[in-house]
Amino acid sequence: MKQAELLRELLQEIDQVPDHQVQEIIAGERGHLVAVQSVRMGIATWAVHHPVPIQNVPLIQARGSARVLARSILSEDPMEATIGLASLNSMLPSPPAHQLQSIKAQELIVRCGRGKKVAVIGHFPFVEELADEFSHLWILEKSPRPGDIKAEEAPHILPLADLVAISATTLANGTLAEILSCCSTMAKKVMLGPS
């Protein structure tokens, strides 16, 4: 499946619910998150690897249909796509409370990956602390830190992983479909992060 197809499937989810007005778009001066308030608050992590100055944020003054703004997730501009993802998140219906569990991302990764080969897409601050829990840990990152593996190595690494923990930012930066295509069909896949 191509990235655009995957995103269109997500957008179909909000076609089933009433549209709402965008009440506010919030981005911190040097933060890494953007929030869109419509029926609920939706957030996303910027799909860029540096803080975004507020004056450079496209669509920040946008008002109107949250559904229309959500379609910005299809933009090739990562900042516009991030705002689209936050808007999409602001409209997605919440699952019934009895289906929800409160669990930290690191606990979920350990629960599903203990003793197994684990690949993490995106350098989450807690992953290095968990390395001893797995038989092997790969951290794939577009802007690698010491010990990380360049994201371009994903086609060689992901087929080996039993568990793949994926940053939800991949929805906005255009890489999720490619990542999923590299994963073993037997691997568990978990999406993490505020996006």
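Placed above this text is the structure.
Parameters at a glance
Residues numbered from 1 in each chain as written. Predicted model: local features only at pLDDT ≥ 70, side-chain atom pairs only at ≥ 80, totals over all residues. Heavy atoms only, no water. Pairing = 2+ DSSP bridges. Helix = DSSP H or I, 4+ residues; strand = E, 2+ residues; numbered from the N terminus. Axes fitted to C-alpha atoms, helices over the stretch in contact; angles between N-to-C directions. Buried < 20%, exposed > 50% of the residue type's maximum accessible area, 1.4 Å probe, protein only. Contact = heavy atoms within 4.5 Å.

## Remarks on the sheet that holds strand S4 (residues 41–45)
Moving on, step 1. Strand order in the open sheet formed by three strands is S2-S3-S4, and the pairing between neighbours is antiparallel. Pairing within the sheet leaves two strands with one partner each, and these edge strands are strand S2 (24–27) and S4. With direction set aside, neighbouring strand axes in the sheet form an average angle of 15°.
Moving on, step 2. Taken together, the five bridges between strand S3 (residues 33–37) and S4 define a ladder with antiparallel strand orientation.

## Remarks on the environment of Arg-111
Moving on, step 1. Structurally, Arg-111 is set in helix H4 (residues 105–113).
Moving on, step 2. Given a relative accessible area of 55%, Arg-111 falls into the exposed group.
Moving on, step 3. Separated by 22 residues in sequence, Arg-111 and Glu-133 place their C-alpha atoms 9.5 Å apart.

## Structural notes on H4
Moving on, step 1. Of all the positions in H4, only Ile-109, Val-110, Cys-112 and Gly-113 are classed as buried.
Moving on, step 2. Buried residues along H4 sit in contact with strand S6 (117–121), strand S9 (163–167) and strand S10 (188–192).
Moving on, step 3. Of the residues one or two after H4, Gly-115 is the one with positive phi, at around 75°.

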